[in-house]
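Chain residues, written in single-letter form:
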Amino acid sequence: MKHVDEYQDPARARRLLDEIRRSTTRPWTLMEVCGGQTNSIIRHGIDQVLPEGIELLHGPGCPVCVTPLESIDRAIAIASRPEVIFCSFGDMLRVPGSERDLFGVRSRGGDVRTVYSPLDAVQVAIDNPDREVVFFAIGFETTAPANALAVHQARRLGVTNFSVLVSHVLVPPAIRAILDAPGCRVQGFLAAGHVCTVMGYAEYQVLASRYGVPIVVTGFEPVDLLDGVRRAVLQLEAGRAEVENAYPRVVAENGNQVAKELLAEVFEVCDRTWRGIGVIHASGWRLRPAFRAFDAEARFDVADITAVESPLCHSGEVLQGLITPDQCPAFGRECTPRNPLGATMVSDEGACAAYYTHRRAGAGIG
Amino acid sequence: MAEPVDPSNWSCPAPLADRALVVLGHGGGGRLTAELLEGVFLPALANPLLDQLADSTVFPVPAGGRLALSTDAFVVSPLFFPGGDIGSLAVHGTVNDLACSGAVPLHLTAAFVIEEGTPVELLARIAHSMGAAAQAAGVAIVAGDTKVVERGRGDGVYITTAGVGVVRPGADVRPERATTGDAVLLSGPIGQHGVAVMSVREGLEFGSPVVSDSAPIHALVAALFDAGIDVHTLRDPTRGGLAATLNEIAAAARVGIEVDELAVPVADAVRSACALMGLDPMQVANEGRLVAVVPGGSAEAALDALRLTPGGEQAVVIGRVVDDHHGMVVGLTLVGGTRIIDMPLGELLPRIC
């Protein structure tokens, strides 16, 4: 399979590992930003084969995990209305709200549907003119262009029974928040390749030079991740703090210009609450006034819904790399993928779920 | 006392030939039901035992032997998918469950719950597919039932099959027999059925179409016994995929199972589809694969036997039973790391990005 086989090649992986081992003279702490990277690292046991001193912290880049509880509760309130067809990506359905999840809404008769693209939800709206169709527009810069396109298309086609519940988040402000946090141990970042496919990596130059951290744009296959680690370690060992692109087969410096223009037309930057972390200034997107007619929050009057997190859940510290999932007292006890307290235990990309699934105590590994 | 009268029989007096769609009366037990049987099911499934058309079917069994009995309900949507349909699936599923007890499948029964409004022509295609699948698997469908539910109360057709088979003399095939030192064999590439169904259901296309692996595996099982292998455990990794099957074996036998992930065959199209949807091929359903646990010393002979049997050409040894991490399945990854291969939770959730 082209573009996958060569990046899952055990021989290439071994060569990169050898070079990392040869180059490492002291301990370094890196953070992979994206949940997809976390999953791949744990899935392939990459952290187990790195030299002793290289520690990988798992960043806040799982879109499911950081979507705030109140957004889930708002989604559940909207999805419970009889006139609504609520469309969502599959892995949002099991994220616990304050009382239930979207699966729970479905089992109580709500019309909750999984779609693979927000454009499918626009089609559902066209096919069901007497129903209100709402799409749960969450995620990072990666998913935002398709969501912007859906809103754009709904306006162009005059689809008035379509709206989006927006809870978009942005990576660079989160990296800055992590670096500003007291006790931050991160010395280098593996930036999320797919986010950079859209946005490019010019924004990271400022972060790298101001905070003195290497930032390596990294892919998701084992060879990609090992190459990202290798480049970050080489920079740290040489005392450099630069932005490097280790994922050039899909990432260009300026990203995807068409997508960026569309995003700028549809969305504007706003403050955003991150689940488990709190409000981060200028870290999200909301619809611009010209597109407010498509804002489900206003249409269904759910903006007042607020929520309180479980006190047992330490996902905020996990998302900031302050603790590893298995250091949370509730990990594997009160909190399991079957009964998740926080969203990091739900999605495959959540660090807690990845640890639980691939590396529980008793397996004699990890 | 007179039989209770079913008014639906009054409203549907026309012969089947005039009806393109199933009506409630087809489930009423009256003339319409008889027409559905005679027009659709009996021609497709005919055999001397079924033709008894009695309240139950009577057949001889070997004296002193052991019987295996299994039942399975099929609710697949869509009813037709690349490489199969609900009819052939309903035969293969039960034949394979019997085979995995070390039994030679003998007879099946089939019960149909049909949604009002289902095209009769579609039922006929399903029935013919069942008949063909049964013939290919060397079994007969010897008893059956049909019911019709109101429109909107079903999903076209649900089929439940049950099957009886004769266990080979001396065979002792159970998950609990998996023992340290045993080899774990897999008969072919995984994930094809699940991806084939999902691709149709979700309207996704992946370069080359993925075709379901739905097939009977009793011949593969027979090949192992004919080769004189002391087969410890057999499973067909259906829902939950290879991951669920291996976990069930590890839990039942209180052993650990170690899997060389690079050895597990996955077709390119399945791999890319799973990558796109964020699924682990190990958790995706199969309907024509066999997992066999045999003594380590018999692994080569078992592999040869499988590879010489149609459907087993791509058989491989994927791992071993170990006296470690009891109840768990651990994968050796391509970078030389390890991971738990967990029991899937339930519904597979496609990932968002």
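Note that the structure is predicted; figures quoted are calculated from it, not measured.

Trainee: Can you walk me through the overall build of chain B in this structure?
Mentor: Scanning chain B from terminus to terminus reveals nine helices and 13 strands. Taken against the 2.2 N^0.38 rule, which gives 20 Å for 353 residues, the C-alpha radius of gyration of chain B at 22 Å falls within 12% of a compact globule. Taken along the three principal axes of its C-alpha coordinates, chain B extends 70 × 60 × 35 Å. For chain B, the proportion of its 353 residues judged to be buried stands at 56%. Of the roughly 14,700 Å² of accessible surface on chain B, 55% is carried by carbon and sulfur atoms.

Trainee: Even after reading the chapter, I still don't get the overall build of chain A, so can you show me in this structure?
Mentor: Secondary structure summary: chain A contains 16 helices and eleven strands in total. In terms of overall dimensions, chain A is globule-like: its C-alpha atoms have a radius of gyration of 21 Å, near the 21 Å expected for 366 residues. For chain A, the C-alpha atoms occupy an extent of roughly 65 × 45 × 45 Å along the three principal directions. Per-residue burial over chain A gives 61% buried out of 366 residues.

Trainee: Would you take a moment to explain the state of the cysteines for this structure?
Mentor: The term disulfide refers to a covalent linkage connecting the sulfur atoms of a pair of cysteines. All names here are of chain A. Tallying each qualifying case throughout the model produces one disulfide over all chains. Linked covalently through their sulfurs, Cys-62 and Cys-65 form a disulfide whose S-S length is 2.5 Å. On the S-S bond that ties Cys-62 to Cys-65, the torsion sits near 75°, and the link is right-handed. The two residues Cys-62 and Cys-65 agree in class, both being buried. The closest cysteine sulfur to the non-disulfide-bonded Cys-335 is located on Cys-313, 6.1 Å from its own sulfur.

Trainee: I keep staring at the interface of chain A and chain B and nothing clicks. Help me out?
Mentor: Many analyses report the size of an interface as the accessible area lost when the parts associate. Across the boundary between the two partners, chain A contributes 40 residues, which contact 29 residues of chain B. Around 3,100 Å² of area is buried between chain A and chain B when both sides are counted, 62% of it from carbon and sulfur atoms. Put simply, chain A and chain B have two salt bridges between them. A salt bridge links Glu-261 of chain B to Arg-43 of chain A; its shortest N-O distance comes to 3.0 Å. The interface formed by chain A and chain B contains seven residue pairs in polar contact (both at pLDDT 80 or more).

Trainee: Would you explain unusual backbone geometry in this entry?
Mentor: Peptide bonds are mostly trans, and most non-glycine residues show a negative phi. Residue Pro-78 of chain B is bonded to the preceding Ser-77 of chain B through a cis peptide linkage, with omega at 5°. Examined against the element boundaries, Pro-78 of chain B turns out to sit in the loop between strand 1 (67-74) and strand 2 (80-81). The phi torsion at Ala-282 of chain A lies on the positive side, around 50°, for a residue other than glycine. Along the chain, Ala-282 of chain A turns up in strand 11 (residues 278-287). Backbone geometry at Asp-301 of chain A places phi at a positive 55°, although glycine is not the residue there.

Trainee: How do you make sense of the packing of helix 7 (residues 118-127) of chain A against helix 8 (residues 144-157) of chain A when you look at a structure like this?
Mentor: Packed helix pairs are characterised by how far apart their axes lie and by the angle those axes make with each other. Residue and element names in this part refer to chain A. Running from amino to carboxyl end, helix 7 crosses helix 8 at an angle of 25°, the nearest separation of the two axes being 8 Å. Taken together, the axis directions place helix 7 and helix 8 in an arrangement best described as roughly parallel. The crossing of helix 7 and helix 8 is right-handed. In contact with Pro-118, Leu-119, Val-122 and Ile-126 of helix 7, helix 8 contributes Ala-146, Asn-147, Leu-149, Ala-150, Gln-153 and Leu-157. Residues of the contact of helix 7 with helix 8, tallied by class, amount to eight nonpolar, two polar and no charged.

Trainee: Help me out: how do you make sense of the sheet that holds strand 6 (residues 162-169) of chain A in this one?
Mentor: Through backbone hydrogen bonds, the strands of a sheet pair up, either in parallel or in antiparallel fashion. All names here are of chain A. Read across the sheet, six strands follow the order 4-3-5-6-11-10 without closing on themselves; strand pairing throughout is mixed. Two strands lie at the open edges of the sheet, namely strand 4 (111-114) and strand 10 (267-274), each paired on one side alone. Direction aside, the axes of adjacent strands within the sheet are offset by 25° on average. The sheet contact formed by strand 3 (residues 84-88) and strand 4 spans four bridges and is parallel. Looking at the pairing, Phe-86 lines up with Val-112 of strand 4. The strands touched by helix 9 (residues 171-180) within the sheet are strand 6, strand 10 and strand 11, with strand 11 carrying the most contacts at an inclination of about 175°. On top of the sheet, helix 13 (residues 257-266) reaches strand 10 and strand 11; it is set at about 80° to strand 10, its chief contact.

Trainee: Just checking my understanding: could you explain the pattern of salt bridges for this structure?
Mentor: For side chains bearing opposite charge, pairing can occur when the charged atoms are close. Residue and element names in this part refer to chain A. Under the defined criterion, the tally for this structure stands at 32 salt bridges over all chains. A salt bridge links Arg-74 to Glu-297; the shortest N-O distance between them is 3.4 Å. Taken together, the residues Arg-74 in helix 5 (residues 69-79) and Glu-297 in helix 14 (residues 296-299) connect sequence positions 223 residues apart. The exposure classification of Arg-74 matches that of Glu-297, with both residues buried. The salt bridge involving Arg-231 is made with Glu-244; its shortest N-O contact spans 2.9 Å.

Trainee: When you look at the packing of aromatic side chains in this model, what are you seeing that I'm missing?
Mentor: Aromatic rings in a pair are described by how distant their centres are and how their planes are angled relative to each other. Residues and elements named next belong to chain A. Counted under the stated rule, the structure contains seven aromatic pairs over all chains. Pairing Phe-89 with Phe-135 gives two aromatic rings, centres 5.3 Å apart and planes at 90°, and the pair type is edge-to-face. Residue Phe-89 is found in the loop between strand 3 and helix 6 (102-107), and its partner Phe-135 is found in strand 5 (residues 132-139); the two are separated by 46 residues along the sequence. Here Phe-89 matches Phe-135 in class, with each residue buried. When the ring centre of Tyr-7 is taken as reference, the NZ or CZ atom of Arg-249 above it lies at 3.4 Å.

Cut-off values and rules
Residues numbered from 1 in each chain as written. Chains lettered and ligands numbered in written order. Predicted model: local features only at pLDDT ≥ 70, side-chain atom pairs only at ≥ 80, totals over all residues. Heavy atoms only, no water. Helix = DSSP H or I, 4+ residues; strand = E, 2+ residues; numbered from the N terminus. Rg over C-alpha atoms; globule rule 2.2 N^0.38 Å. Buried < 20%, exposed > 50% of the residue type's maximum accessible area, 1.4 Å probe, protein only. Areas by Shrake-Rupley, 256 points an atom, 1.4 Å probe, with all protein chains shown as cover. Disulfide = S-S within 2.5 Å. Contact = heavy atoms within 4.5 Å. Buried area = accessible area lost by both parts, 1.4 Å probe. Salt bridge = Lys/Arg side-chain N within 4 Å of Asp/Glu carboxyl O. Polar contact = N/O pair within 3.5 Å; in protein donor to acceptor, adjacent residues only side chain to side chain. Axes fitted to C-alpha atoms, helices over the stretch in contact; angles between N-to-C directions. Parallel < 35°, antiparallel > 145°, perpendicular 65-115°, else oblique. Left-handed = near helix turned anticlockwise from the far one by under 90°. Nonpolar A, V, L, I, M, F, W, Y, C, P; charged D, E, K, R; others polar. Pairing = 2+ DSSP bridges. Phe/Tyr/Trp six-rings, centres within 6.5 Å; stacked < 30°, edge-to-face > 60°. Lys NZ or Arg CZ within 6 Å of the ring centre and 35° of its normal.

As far as function goes, none of this settles anything; it's purely spatial.
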